[in-house]
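One letter stands for each residue in the lines below.
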There are 2 protein chains.
Amino acid sequence: MSFRTIEWTGEKLILIDQTKLPVEETYVDYTDYREVAVAIKTMVVRGAPAIGVTAAFGVVLAAKELLALKAVKTGGDFAAGLEVAFATLAATRPTAVNLFWAIKRMRGVVEANEGLTPAKIYKALERQSRIVYDEDIAANRAMGRFGAGLIAGDECTILTHCNAGALATAGYGTALGVIRACVEAGKKVTVFADETRPLLQGARLTAWELHTDGIDVTLICDNMAGALMRQRKIDAVVVGADRIAANGDAANKIGTYPLSLVAREHGVPFYVAAPLSTIDFELSDGSAIPIEERDAVEVTHPGGVAGAPEGIKVWNPAFDVTPAGNIAAIITERGVARAPYGAALAALRVK
Amino acid sequence: MSFRTIEWTGEKLILIDQTKLPVEETYVDYTDYREVAVAIKTMVVRGAPAIGVTAAFGVVLAAKELLALKAVKTGGDFAAGLEVAFATLAATRPTAVNLFWAIKRMRGVVEANEGLTPAKIYKALERQSRIVYDEDIAANRAMGRFGAGLIAGDECTILTHCNAGALATAGYGTALGVIRACVEAGKKVTVFADETRPLLQGARLTAWELHTDGIDVTLICDNMAGALMRQRKIDAVVVGADRIAANGDAANKIGTYPLSLVAREHGVPFYVAAPLSTIDFELSDGSAIPIEERDAVEVTHPGGVAGAPEGIKVWNPAFDVTPAGNIAAIITERGVARAPYGAALAALRVK
């Protein structure tokens, strides 16, 4: 991989600035967890797994700050102080459950080390954040292998939406991990990438990431997938997810749901690749997944230039929910789940 | 109407420059039919009916030029000279059949006046172009009335794609004509407008046109229609068309076909509003409709700003075909056609 999405040096967190890609490849240093929260909110870093990993390092930065404060003497003081950071990081984006999963995991470390000194709890937190990072890459490689096994033949054409790539994770990617694994397995892979309005993660990030890695990619607008499937054989749609309910309903970047309808109409298998940390077993179905609505300017100013009349009303939901019935399989790091998803996902959870 | 899409003064053709909207409301004068052809190609004027009307005036400008040439003595010389203009205008855009319909109609005038002097044929052509213009507006008003009759209740929420408005016609609009007629009938109308990538005719033109006329409009990205229909009751989708085959298959701006699938999934009636000049009775179904592919830069540079990696491959079809089976009704100026469309459209043709 010629770039790093997230890097932890032990002293600071370095993020590639995804709002600047593909025009500039810029890296930003973070030592303040509050700025990490802003980076998540403004989408310097985005993608459900990457948000989770970033939040874990954000907690470590907060812990480092507390460690330097004289007023923080006991492990109890330290734990109380961390709650502020947990709340700040949790308030950044509502849909991706990996954010809350990572915070919960870090809080679990604090609780498990109750009674120890702040320095010792810090060490445990820092170790845990590195594990979260490493596990994410390992999970993506595993998903890649399981996903590649679903794609028959020596040649395949895959359509993807948004960016579920190395840039959306600690590395390798979920949906793009499946594509990378297909390439590594020696298949001739052709990719079509939806540009993904409004923030164009497909055009800016997926196209850049695959192009940089020498994988054949063609960019289309989101509304061209129907014409594409009529004209050309697409072997599979592979996307990521931001939160999957216990029944398999999957929230992902806006436009995923209509794409699942197009795929169904054309008999194209529609796969969701996501780690188990994306599955919210507390939600019975997708209707309760909170959907973030973002600023109108993302829609009115494509490329930063005014493209709509001033003062026009806008509706800008960042995600939609694809019903489990439209999903051919959910690819996780522990294996492939098929309908009925309730039982299949629960089985993978305890595997 | 506070603006004019197309104006013929008897001396020159004036077009509102639709590539500059909504930032600038600029009008451009044309006296050379070659420049009219460029205006069609570069989408200064667009929308199937508007292209047809513009081409008719383009023929008049060509005729005026020939009339001033000493070498053109007979009606035969004149007719031969006009063939060059017909060919130039016909080579601008391949999908909208109204272009070829208008040229055919003007050629018919030349043939009907065979043997007369150039001055007399010119007069007949000029009269015909004004008739084409007036008929278009009358047809839109008729479509509006028929279409409004399909929308029950005192309040309605309508989703539209691209711009099938006053800007796509001589005036009033086809799909937006239906919306205007609903407003005139006293209904409380709420409109959602797809922005319509890549050229954003929905954001730039439909939103501007409706906002200017005081009609309640909310802008969404094309990929948000699925989430919209899940969350809110949409009473109808109304779109225009660029060419309709004899069986009712309808080519329209890219993204129309997937929108028809979303509408079908949610039980929302999907209406196509188009004059009979849009129906190509020579094509038995939509598979033979030629689909224009346009420049990659439209996709890679949203808002004119680079939004994708340099050198990335792009596929940019300007239209797609919605199968007749997804269309609840085709609204024409002679009445509403329902499936089976072959018989219904043929009946309207001879009505």
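Residues numbered from 1 in each chain as written. Chains lettered and ligands numbered in written order. Predicted model: local features only at pLDDT ≥ 70, side-chain atom pairs only at ≥ 80, totals over all residues. Heavy atoms only, no water.

## A short note on the sheet that holds strand β13 (residues 319-322) of chain A
All names here are of chain A.
- With mixed pairing, four strands are arranged side by side in an open sheet as β11-β8-β9-β13. In this open sheet, the two strands that pair with only one neighbour each are β11 (279-280) and β13.
- Here two bridges tie strand β8 (residues 243-245) to β11, and the two strands are oriented parallel to one another. Residue pairing across strands places Ala 245 opposite Asp 280, the latter belonging to β11. (Pairing = 2+ DSSP bridges. Helix = DSSP H or I, 4+ residues; strand = E, 2+ residues; numbered from the N terminus.)

## Some words on the relation of the copies chain B and chain A
- Each copy of the sequence occupies a distinct position, and chain B is placed on chain A by a rotation of 180° and an axial shift of 0.0 Å, giving an RMSD of 0.0 Å. Both chain copies can therefore be described as sitting about a two-fold axis. (Least-squares fit on C-alpha atoms with pLDDT ≥ 70 in both.)

## Concerning the interface of chain B and chain A
- Contacts between the two partners involve 56 residues from chain B and, on the opposite side, 55 residues from chain A.
- Connecting chain B to chain A are six salt bridges.
- At the boundary of chain B and chain A, one finds 20 residue pairs in polar contact (both at pLDDT 80 or more).
- Counting residues per element, the ones that place at least two in the side of chain B that touches chain A are α7 (201-212), β6 (216-220), α8 (225-231), α9 (256-265), β12 (313-314) and β13 (319-322) of chain B.
- Looking at the side of chain B that touches chain A element by element, the count peaks at six residues for α9(B).
- A class-by-class count of the residues in the side of chain B that touches chain A yields 31 nonpolar, 13 polar and 12 charged.
- The pairing of strand β6 (residues 216-220) of chain A with β12(B) spans two bridges and is classified as parallel. The partner of Leu219(A) across the bridge, within β12(B), is Val314(B). (Contact = heavy atoms within 4.5 Å. Salt bridge = Lys/Arg side-chain N within 4 Å of Asp/Glu carboxyl O. Polar contact = N/O pair within 3.5 Å; in protein donor to acceptor, adjacent residues only side chain to side chain. Nonpolar A, V, L, I, M, F, W, Y, C, P; charged D, E, K, R; others polar.)

## Side note on the packing of aromatic side chains
Residue and element names in this part refer to chain A.
- Scanning the model with the defined rule gives six aromatic pairs over all chains in all.
- Summarising the aromatic geometry, the rings of Trp 8 and Phe 57 are spaced 5.4 Å apart at their centres and angled 20° between planes, so their arrangement reads as stacked. Highlighted residues: Trp 8 in strand β1 (residues 6-8) and Phe 57 in helix α2 (residues 48-67), separated in sequence by 49 residues.
- Exposure remark for Trp 8: the relative accessible area of 9% places this residue in the buried category.
- Members of the aromatic cluster, connected to one another through ring pairs, are Trp 8, Phe 57 and Tyr 133. (Phe/Tyr/Trp six-rings, centres within 6.5 Å; stacked < 30°, edge-to-face > 60°. Buried < 20%, exposed > 50% of the residue type's maximum accessible area, 1.4 Å probe, protein only.)

## Quick look at the pairing of strand β10 (residues 270-273) of chain A
All names here are of chain A.
- A two-sided burial pattern is seen for β10, the buried positions comprising Phe 270 and Val 272 on one face and Tyr 271 and Ala 273 on the other.
- Pairing geometry for strand β7 (residues 236-239) and β10, over three bridges, is parallel. Residue pairing in the sheet places Val 237 in a bridge with Phe 270 of β10.
- Sheet analysis places β10 next to strand β14 (residues 329-332), joined by three bridges and oriented parallel. Across the sheet, residue Val 272 finds its bridge partner in β14, namely Ile 330.

## Focus on the pairing of β13(B)
Residues and elements named next belong to chain B.
- Of the two faces of β13, the one lined by Phe 319 and Val 321 and the one lined by Asp 320 and Thr 322 are each fully buried.
- The pairing of strand β9 (residues 250-253) with β13 spans four bridges and is classified as antiparallel. By the bridge assignment, Ala 250 is partnered in β13 with Thr 322.

## A short note on the nonpolar core
- The biggest cluster of nonpolar side chains holds 69 residues, and the ones touching the most others in it are Leu159(B), Met229(B), Val237(B), Ile244(B) and Val272(B).
- No other element matches helix α6 (residues 175-184) of chain B, which puts six residues into this core.
- Setting aside chain neighbours within four positions, we find Val237(B) in contact with Leu159(B), Met229(B), Leu259(B), Ala263(B), Val268(B), Pro269(B), Phe270(B) and Tyr271(B).
- If you look at the next biggest cluster of nonpolar residues, it comprises 68 residues, including Ala148(A), Ala203(A), Leu219(A) and Ala324(A). (Core = buried A, V, L, I, M, F, W, Y, C linked by side-chain atoms within 4.5 Å.)

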